[in-house]
Amino acid sequence: MQIETLLEGDAVNSMELEALLEARKKGEADFMLVDVREVFEYEQGHLPGVDLLRPTSTFSDWAAELIEMSRRKPVVLTCRTGNRTGQVQRILVQNGAEKLIDHRGGIMAWQGEVVRD
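Here's what I pulled together on the structure shown here. (Residues numbered from 1 in each chain as written. Predicted model: local features only at pLDDT ≥ 70, side-chain atom pairs only at ≥ 80, totals over all residues. Heavy atoms only, no water.)

### A few points about the pairing of strand 4 (residues 75-78)
A two-sided burial pattern is seen for strand 4, the buried positions comprising Val 75 and Leu 77 on one face and Val 76 and Thr 78 on the other. With 4 bridges joining them, strand 2 (residues 32-35) and strand 4 adopt parallel strand pairing. Bridging from a neighbouring strand, Val 34 pairs with Leu 77 of strand 4. Note: strand 4 against strand 5 (residues 100-103), 3 bridges, orientation parallel. By the bridge assignment for strand 5, Leu 77 is matched with Asp 102. Handedness of the β-α-β unit built from strand 4, helix 5 (residues 83-94) and strand 5 comes out right-handed. (Buried < 20%, exposed > 50% of the residue type's maximum accessible area, 1.4 Å probe, protein only. Helix = DSSP H or I, 4+ residues; strand = E, 2+ residues; numbered from the N terminus. Pairing = 2+ DSSP bridges. Right-handed = clockwise from strand over helix to strand, strands pointing away.)

### Remarks on the packing of aromatic side chains
Here the structure, examined in full by the defined rule, presents 1 aromatic pair. Their ring planes at 80° and their centres at 5.1 Å tell us that Phe 59 and Trp 62 sit as a pair that is edge-to-face. Residue Phe 59 and its partner Trp 62 are located together in helix 4 (residues 59-72), separated by 3 residues, close to a single helical turn. (Phe/Tyr/Trp six-rings, centres within 6.5 Å; stacked < 30°, edge-to-face > 60°.)

### With respect to helix 4
An α-helical turn contains 3.6 residues, so a residue and the one three or four places further along point in the same direction. Taking 1.5 Å per residue, 14 residues should reach 20 Å; helix 4 reaches 20 Å between its end C-alpha atoms and fits that length. Listing the buried residues of helix 4 in full gives Phe 59, Trp 62, Ala 63, Leu 66, Ile 67, Met 69 and Ser 70. Elements that come into contact with the buried residues of helix 4 comprise strand 2, strand 3 (52-53), strand 4, helix 5 and strand 5. (Expected span 1.5 Å × (residues − 1). Contact = heavy atoms within 4.5 Å.)

Here you go:
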């Protein structure tokens, strides 16, 4: 599994995201992991390594920030099932985002550790 190739695509599955997170721990990958679920969902459990929580309900408050961030480094979007991330990805790409990667299946497809606050 080529880490660089995963970061150039527009989607990853949970196994690929786990490999990306492991590579990032080793300094072999540079990306942001953004959870777009609501605060209460995040607090119930989230993926290890989430850098930012940006709830979809406040999308207009942070959309420009993510577009700009995606121009500097890849941004992986995660949610509960992959539905919200797909929608966010489409809208942001239409508005100039560059390196946005959808975590297909979201936390429901995640087989690894889940962090509970």
